[in-house]
Amino acid sequence: MAAFGMKAVAVEPFEAHVDIIQGSKDINKHMHIHLVHGGVGENATTVVTKFVHGRGNYGSTMFVPQKHLRRRLNGPHNEDINQTLEIVTLEDILSVSDGLVPLVKLDCEGCEWEALLSAKSQLDKVQMLKMEVNRPYKWSKYRDMTITQQLQYIVDQGFYIFHEIFPDTHYYFQKTAVSDIDRMFGGPLAADSAFSYELLHKYAQQILNQRITPAQYNAKNSPDVIAIRKETYEKMANYFLSM
C-alpha cells in the first residue's frame, strides 16, 4: 500500500525486523509508513517476553509469555532475547483514521484472533482484511476457538471471505529478492519490475471468483484468507470481473 502512496501503519514486535523496515523507509523516502515497535493484542498493556522463531524462519517469529518459555526454547534455531514490549489494540490504531481503512493485514503467528477482537467498533471502517488463519495458542483464553468460528465471526461483521492465492512468496525467495522487494514495495512500480498490473488484475479476478463459506476454508489451498466488505466487493467485482 505504501508503494502506491497510501499511508500505512506497521506494528512489529521484533527489533531486528523494525530495523529492516526502517532501512527500507530510509531508502524510499516517498513511503508514508508509521512504524510502531510493539505488539497487537486484545488489551493495551506492557509485557516482558522473550522471542522465539522456528527453524531459521524469522517470518515466524513470535513472542512468548515467560511462563511458557520452557516448552518453546528447545532448539538451536530459537532466540533467547528478553524484551519489554508495548501491546496496542487495533481499536487504538484504527481510531487515528477519520475515514475508511482500505486494508488491515494480520499475520502474527497465532494472535490474529485476539488482534481482530481488539478492533471493536473500529472494524466497521475496514474494507478488506488479509489474515493468516491460526488456532490461538494453548495459553490463550481463546484456545478452544476453531478456525471455522473465527471465519464465521468475520462473515457476521459484513464480509465475504476468499482464499488468498496471490503468490507473494515469489518476491521473497528469488535470487534478486532484495532488489525486487524494493521495487515492488518501496519505489515507483517500474515497468521492468517482477510486479505488473496485469498480474494484479489476473489474481484479483481469480480471488473474486472463488468466494468461500467458513466451512469451505482449506489451509492446503492457502493459510491466508482475504475478507472483503460486501459493499466493497460489489465495486471490485464490477471493475475486475467486467474486464
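Parameters at a glance
- Residues numbered from 1 in each chain as written.
- Predicted model: local features only at pLDDT ≥ 70, side-chain atom pairs only at ≥ 80, totals over all residues.
- Heavy atoms only, no water.
- pLDDT = per-residue confidence, 0-100.
- Helix = DSSP H or I, 4+ residues; strand = E, 2+ residues; numbered from the N terminus.
- Contact = heavy atoms within 4.5 Å.
- Salt bridge = Lys/Arg side-chain N within 4 Å of Asp/Glu carboxyl O.
- Core = buried A, V, L, I, M, F, W, Y, C linked by side-chain atoms within 4.5 Å.
- Buried < 20%, exposed > 50% of the residue type's maximum accessible area, 1.4 Å probe, protein only.
- Polar contact = N/O pair within 3.5 Å; in protein donor to acceptor, adjacent residues only side chain to side chain.

A. Seen up close, the confidence of the model for the chain. Averaged over all residues, the pLDDT of the chain is 79; the fraction at 70 or higher stands at 73%. Within the chain, no element has a lower average pLDDT than helix H6 (residues 177–185), which sits at 44, and none a higher one than helix H5 (residues 147–156), at 97. Segment residues 71–77 is flagged for pLDDT under 50; beyond a separation of four residues in sequence, or across chains, it makes 13 contacts in the model. Overall, residues 170–194 carries pLDDT values under 50, and its contacts beyond four positions in sequence, including any with other chains, amount to 43 contacts.

B. Up close: the pattern of salt bridges. Here the structure, examined in full by the defined rule, presents five salt bridges. For Lys141, the salt bridge is made with Glu42, and the minimal N-O distance between the two is 3.6 Å. Pair noted here: Lys141 is in the loop between strand E8 (128–132) and H5 and Glu42 is in the loop between strand E3 (39–40) and strand E4 (45–54), with a separation of 99 residues, a long-range link. Residue Lys120 is joined to Glu91 by a salt bridge in which the shortest nitrogen-to-oxygen separation is 4.0 Å. Of this pair, Lys120 sits in the loop between helix H4 (112–117) and E8 while Glu91 sits in helix H3 (residues 90–94), placing them 29 residues apart in sequence.

C. Fine view of the nonpolar core. By size, the foremost hydrophobic cluster in this structure holds 26 residues, and its most contacted members are Val104, Leu116, Leu129 and Ile154. Of all the secondary structure elements, the ones that give two or more residues to this core are H3, strand E7 (104–106), H4, E8, H5, strand E9 (159–163) and strand E11 (224–229). A per-element tally of this core places H4 first, with four residues. Of all hydrophobic cores here, the second largest spans eleven residues; its members include Ile207, Ile228, Met236 and Phe240.

D. How the structure looks around the side chain of Ser140. Structurally, Ser140 is set in the loop between E8 and H5. Here Ser140 falls in the buried class, since its relative accessible area comes to 6%. A polar contact is formed between the side chain of Ser140 and the side chain of Glu114, at a distance of 2.8 Å. A distance of 2.9 Å separates the side chain of Ser140 from the backbone nitrogen of Tyr142, its partner in a polar contact.

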